[in-house]
Amino acid sequence: MSGVKDQVKLLTSVDRREFMGLCAQISVVLGLGNDMVPKIAEALEAAARKPSIIWLHFQECTGDSEAFLRTTSPSVAELVLDVLSIDYHETIMAASGDQAEQNLAKAIKENKGKYLVVCEGAIPLATPPGPAGLKGGYLTIGNKTGLQIAEEVCRDAAAVICVGNCSSYGGVQAQRPNPTGAVGVGEALGIKTVNIPACPHNPVNSIATIVNYLLLGTLPPTDRFGRPLFAYEERIHDQCTRRSHFDAGQFVTEWGSEEAKKGFCLYKMGCKGPQTYNNCNKARYNDHTGWPIGAGHGCVGCSEPKFWDTMSPFYKRLDNIEVPFGGVEATADKVGLVLTGAAVAGAAVHAVYTFNKKKEHEERIIDREKKEGK
Amino acid sequence: MVILLEMVKVKTAGVRALHWVIFLATVSLVLTGLYIADPFWLSGTGEAYQTFVMAKIRLIHFLSAIALDVAFLVRLYIAFFSLFHTDWREVLPTPGNLKEAWKSFRFYWTLEGEQKDYRWIDPFDGITFHLLHLILILQLFTGFALYVSGIELTAGIYGIWAKTLHFATDWTLVVFGGLPGVRLMHHFTLWLVVSGAFLHIYHQVWKTIKLQRADISAIVNGYKLMAVKRGK
């Protein structure tokens, strides 16, 4: 019996050491330094009631919830039971059906203007064909479209935090041709959101954003895509663990090769680190153990808007561009080579043509001279 | 028929020097640019700290870009304020210039037998240079956008420089759809520069042979031939 009790205790409580560890971790992510750790602890303790979080799912794969549930500092038990009050989360809540909806309504009513909304997934705006088609009808939960749910819940929120690329910018379902008209939550509602993109997002960043809000009462400063600067100010490339190999000109050219084993730069394998802003290389995933480039795979730029369109093909350096004639895809290099070839060939043809015509012209000039000179 | 030809000065030493600075910088930029886009040869051997192939080639690329940009700005100044000859009017696509350029173009395609002697930039070249300069300006902005993308907004003098560059080039991110788009544009414009350079060189060689006015020597020693009188 006592064993179960211990287990329950283990799940539901955090000792002082763990708690301070969490505060230190958050302080590091926010770039605040050691002096601020007590302040963070104070802010978390001083919150008379745990901050109410409403977590909404739209068009997505629940990958961001999965990432969130796998945080170890703090653990999910600490998060759910001690640090935050997650009042509504479709994946992990115990309630279902009408009871769940009542919980949502209650959370909105009780914490009006104070609760935080975390959104996961894109919102479709297109109208499905057919007689019953309504705007955004590609996603309906309990007879409400995703757009309606988002409007109702976000209207009275203190802040809206979008986790993952889908809720931030639309993600994979917003890729061309985007049949459901999917867009990010901020764009769908026309509001300013804090975006924590990546696929999935790194929970350290979303928790740090929430703590930043608790600590200072404001949301962290963001870049032009709504991403907090503490996490998205630097490019992957600039802090990359393989950067020295880039500067040395040592590149992997084949998967599984000797170079790949030595950990050379993945630039030639299509790594999008030079175009991607994120802190994966510092924060890392899975209990801060690994991240794509560390595991030997190039960055695909998952924290950038429209990365499926602009960053693909993922294993090549250059994007394909559409050639206006014929709708064929080609690389910039191919088009450039054709263009340069055309210039050289044109010059050659022109030279041959001109000098064949030369005699004719000379005769014409002599004729004219003769006429003018009588 | 006698055509009297006279050597006339058309380009000052400064303009000629600038032309060759721009030429060398462009060649260097194209070669290093192609390497940076795809490091197809030259790779570092040994430990990473022993070689800096990519870093050095990027440095050459940046230095050449600065040389090109400064030379371009100086040339722009000379175009407006030269004591010898201001030539900014000749590269503007004004209706008059376009009309003349059309005539030159017809001559170029052997549809018109003769072209009158132009002492300065001929109208066809003028339009070509205008387009080439627009391409170079596009390269300048997209290039600086890529350059400054890795620079944080730090404090101090360096921060002011980074902020200025961000302010001047961030619009390219909006126009071309983020860094991948800017990068693609920068890379594609390289090929426009290459094909433009080919056309420029071909046109000058062709003109020199065809018109017999030593046009190419103008960029080497500053003089070309002009017909001064035509008599029996």
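Residues numbered from 1 in each chain as written. Chains lettered and ligands numbered in written order. Predicted model: local features only at pLDDT ≥ 70, side-chain atom pairs only at ≥ 80, totals over all residues. Heavy atoms only, no water.

### Here's the deal with the overall build of chain A
Right, on to step 1. The helix and strand tally for chain A stands at 16 helices and eleven strands.
Right, on to step 2. Counting the 374 residues in chain A, one finds 49% classified as buried.
Right, on to step 3. For chain A, the share of sequence-separated contacts (at least 6 apart) that also reach a separation of at least 24 residues comes to 68%. (Helix = DSSP H or I, 4+ residues; strand = E, 2+ residues; numbered from the N terminus. Buried < 20%, exposed > 50% of the residue type's maximum accessible area, 1.4 Å probe, protein only. Contact = heavy atoms within 4.5 Å.)

### Points about the interface of chain B and chain A
Right, on to step 1. Every contact between the two is made by 50 residues of chain B and, on the other side, 48 residues of chain A.
Right, on to step 2. The contact between chain B and chain A buries some 4,100 Å² in all, and 61% of this surface belongs to carbon and sulfur atoms.
Right, on to step 3. Sorting the residues of chain B by area buried against chain A places T110(B), L184(B) and W191(B) first, and these three jointly supply 14% of that buried surface.
Right, on to step 4. Where chain B meets chain A, there are one salt bridge.
Right, on to step 5. Taking the shortest distance from any N to any O, the salt bridge between D38(B) and K268(A) comes out at 3.7 Å.
Right, on to step 6. Where chain B packs against chain A, one counts seven residue pairs in polar contact (both at pLDDT 80 or more). (Buried area = accessible area lost by both parts, 1.4 Å probe. Salt bridge = Lys/Arg side-chain N within 4 Å of Asp/Glu carboxyl O. Polar contact = N/O pair within 3.5 Å; in protein donor to acceptor, adjacent residues only side chain to side chain.)

### Considering the sheet that holds strand 7 (residues 159–163) of chain A
All names here are of chain A.
Right, on to step 1. With respect to topology, five strands assemble into an open sheet ordered 2-1-3-7-9, the strand pairing being parallel. A strand with exactly one partner marks an edge of an open sheet, and here the two such strands are strand 2 (85–89) and strand 9 (194–196). For this sheet, the mean inter-axis angle between neighbouring strands, taken without regard to orientation, is 25°.
Right, on to step 2. Bridge count for strand 1 (residues 52–57) against strand 2 is four bridges, and the pairing is parallel. Within strand 2, the position partnered with I54 by the bridge is Y88.
Right, on to step 3. In this fold helix 10 (residues 203–216) packs onto strand 1, strand 3 (116–120), strand 7 and strand 9, with an angle of close to 155° to the strand it touches most, strand 9. (Pairing = 2+ DSSP bridges. Axes fitted to C-alpha atoms, helices over the stretch in contact; angles between N-to-C directions.)

### Some remarks on the state of the cysteines
Right, on to step 1. According to the stated counting rule, one finds zero disulfides over all chains in the structure shown.
Right, on to step 2. A disulfide-free cysteine, C199(A) has its sulfur positioned 5.8 Å from the sulfur of C302(A), the nearest such atom. (Disulfide = S-S within 2.5 Å.)

### Section: the packing of aromatic side chains
Two measures describe an aromatic ring pair: the distance that separates the ring centres and the angle between the ring planes.
Right, on to step 1. Applying the stated criterion across every chain yields a total of 20 aromatic pairs over all chains.
Right, on to step 2. Between F251(A) and Y267(A), the ring centres sit 5.8 Å apart and the planes meet at 40°, which makes this aromatic pair tilted. Here F251(A), found in the loop between helix 12 (243–248) and helix 13 (258–262), pairs with Y267(A), found in the loop between helix 13 and helix 14 (280–283); they are 16 residues apart in sequence, far enough to count as distant.
Right, on to step 3. Note on F251(A): relative accessible area 7%, which makes it buried.
Right, on to step 4. Taking the relative accessible area as the measure of exposure, Y267(A) reaches 5% and is therefore buried.
Right, on to step 5. Ring geometry for F80(B) and F81(B): centres 6.3 Å apart, planes at 45°, overall tilted. (Phe/Tyr/Trp six-rings, centres within 6.5 Å; stacked < 30°, edge-to-face > 60°.)

### What to know about a nonpolar patch on the surface
Right, on to step 1. Taken together, the side chains of F355(A), W20(B), F23(B), L24(B), V27(B), L31(B), I201(B), V205(B), I209(B), I216(B) and V220(B) present a nonpolar region at the surface, about 950 Å² in accessible area.
Right, on to step 2. Looking at the nonpolar patch, the elements with two or more residues in it are helix 1 (13–37) and helix 6 (178–211) of chain B.
Right, on to step 3. For the nonpolar patch, the element with the most residues is helix 1 of chain B, which contributes five residues.
Right, on to step 4. Summarising the element assignment, I201(B) is placed in helix 6.
Right, on to step 5. When its relative accessible area of 48% is taken as the criterion, I201(B) is described as partly exposed. (Patch = residues over 30% accessible without salt bridge, like charges linked within 9 Å, V, L, I, M, F, W, Y side chains within 5 Å. Areas by Shrake-Rupley, 256 points an atom, 1.4 Å probe, with all protein chains shown as cover.)

### A word on the pattern of salt bridges
Residue and element names in this part refer to chain B.
Right, on to step 1. Overall, the coordinates contain 14 salt bridges over all chains when judged by the stated rule.
Right, on to step 2. Salt-bridge contacts for R75 lead to D87; the nearest nitrogen and oxygen are separated by 2.7 Å. You can see R75 sitting in helix 2 (residues 53–81) and its partner D87 sitting in the loop between helix 2 and helix 3 (95–108), a full twelve residues away along the chain.
Right, on to step 3. For D87, a relative accessible area of 8% corresponds to the buried category.
Right, on to step 4. D215 serves as the salt-bridge partner of K224, at 3.2 Å between the closest nitrogen and oxygen. Note on accessibility: K224 and D215 belong to one class, buried.

### Considerations on unusual backbone geometry
Residues and elements named next belong to chain A.
Right, on to step 1. With an omega of 0°, the peptide bond between R176 and P177 qualifies as cis.
Right, on to step 2. Tracing the backbone through its elements, the reader meets P177 in the loop between helix 8 (164–169) and strand 8 (182–183).
Right, on to step 3. For the peptide bond that leads from C199 to P200, omega is -5°, which places it in the cis range.
Right, on to step 4. Of note, the phi angle at T62 is positive, near 65°, even though the residue is not glycine.
Right, on to step 5. Look at R284: it is not a glycine, yet its phi comes out positive at around 60°.
Right, on to step 6. Mapped onto the secondary structure, R284 falls in the loop between helix 14 and helix 15 (307–310).
Right, on to step 7. Taking relative accessible area as the criterion, R284 reaches 25% and is therefore assigned partly exposed.

### Details of the pairing of strand 3 of chain A
Residues and elements named next belong to chain A.
Right, on to step 1. Along strand 3, five of the five residues are buried, which leaves the element largely enclosed by surrounding structure.
Right, on to step 2. Residue alternation in strand 3 divides its side chains into two sets, L116, V118 and E120 and V117 and C119, and both sets are buried.
Right, on to step 3. Of the strand pairs in this sheet, strand 1 and strand 3 are connected by five bridges, and their pairing is parallel. Within strand 3, the position partnered with I53 by the bridge is L116.

### Quick word on the confidence of the model for chain A
Residues and elements named next belong to chain A.
Right, on to step 1. Looking at chain A as a whole, the pLDDT averages 82, with 87% of positions reaching at least 70.
Right, on to step 2. A low-confidence stretch, residues 1–5 (pLDDT under 50), is modelled with zero contacts involving residues beyond four sequence positions or located in other chains.
Right, on to step 3. Ignoring residues within four places in sequence, the model shows residues 7–12, a span with pLDDT below 50, making four contacts including any to other chains. (pLDDT = per-residue confidence, 0-100.)

### Quick word on the side chain of S195(B)
Right, on to step 1. Inspection of the secondary structure puts S195(B) in helix 6.
Right, on to step 2. In terms of polar contacts, S195(B) uses its side chain to reach the backbone carbonyl oxygen of W191(B), at 2.7 Å.
Right, on to step 3. A polar contact is formed between the side chain of S195(B) and the backbone oxygen of L192(B), at a distance of 3.3 Å.
Right, on to step 4. With near-sequence residues (within four places) excluded, S195(B) lies in contact with L339(A), T340(A) and A343(A).

### Re the nonpolar core
Residue and element names in this part refer to chain A.
Right, on to step 1. Within the largest apolar cluster, 32 residues are counted, with the highest numbers of intra-cluster contacts made by C23, I26, I40 and I53.
Right, on to step 2. Looking at this core, the elements with two or more residues in it are helix 2 (16–30), helix 3 (37–46), strand 1, strand 3, strand 7, strand 9, helix 10 and helix 11 (229–232).
Right, on to step 3. With seven residues, the top contributor of residues to this core is helix 10.
Right, on to step 4. Other than its neighbours up to four places away in sequence, I26 contacts I40, I207, A208 and V211. (Core = buried A, V, L, I, M, F, W, Y, C linked by side-chain atoms within 4.5 Å.)

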